[in-house]
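What follows is the residue order along each chain.
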Amino acid sequence: MIHREEWCMRDKHKEKVIEVAIQNYKDSVAFGFSSSTKNAINMMEDAYYMCSGFNIDGISELRKIIDEAKEKYKKELSR
């Protein structure tokens, strides 16, 4: 019999997903908006939706960064 915990990502794994998504975004904008920035923002949103139902460290910081990125690069993202 498979236990429910085996099907779910552990909290540490979810925290790592958030960390990687944020770092990917920071790397993509190190020298301004780049072609990979839109993908990095999408990756952060995916991580947020995957982890938002749980009490995971970093989830509020992730939401804040997503909102700031969408506002800052609104013009570039609409192209």
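Since this is a predicted model, take the numbers as computed values, not measurements. (Residues numbered from 1 in each chain as written. Predicted model: local features only at pLDDT ≥ 70, side-chain atom pairs only at ≥ 80, totals over all residues. Heavy atoms only, no water.)

(A) Focus on the packing of helix α3 (residues 37-51) against helix α4 (residues 59-72). α4 packs onto α3 with a crossing angle of 145° between their chain directions and a minimal axis gap of 10 Å. Of the two elements, α3 crosses α4, and the hand of that crossing is left-handed. The segment α3 lies against α4, with I41, M44, E45, A47, Y48 and C51 engaging I59, L62, R63, I65, I66, A69 and K70. Tallied by class, the residues present in the contact of α3 with α4 amount to 10 nonpolar, no polar and 3 charged. (Axes fitted to C-alpha atoms, helices over the stretch in contact; angles between N-to-C directions. Helix = DSSP H or I, 4+ residues; strand = E, 2+ residues; numbered from the N terminus. Left-handed = near helix turned anticlockwise from the far one by under 90°. Contact = heavy atoms within 4.5 Å. Nonpolar A, V, L, I, M, F, W, Y, C, P; charged D, E, K, R; others polar.)

(B) Just the pattern of salt bridges, in detail. The final tally for this structure, using the stated rule, is 5 salt bridges. The salt bridge involving E15 is made with K12; its shortest N-O contact spans 3.6 Å. Note that E15 and K12 are positioned in helix α2 (residues 11-28) at a spacing of 3 residues, about one turn of the helix. The class of K12 is exposed, set by a relative accessible area of 63%. A salt bridge links K74 to E71; the nearest nitrogen and oxygen atoms lie 3.5 Å apart. Judged by its relative accessible area of 49%, K74 is partly exposed. Overall, E71 belongs to the exposed group, its relative accessible area being 53%. (Salt bridge = Lys/Arg side-chain N within 4 Å of Asp/Glu carboxyl O. Buried < 20%, exposed > 50% of the residue type's maximum accessible area, 1.4 Å probe, protein only.)

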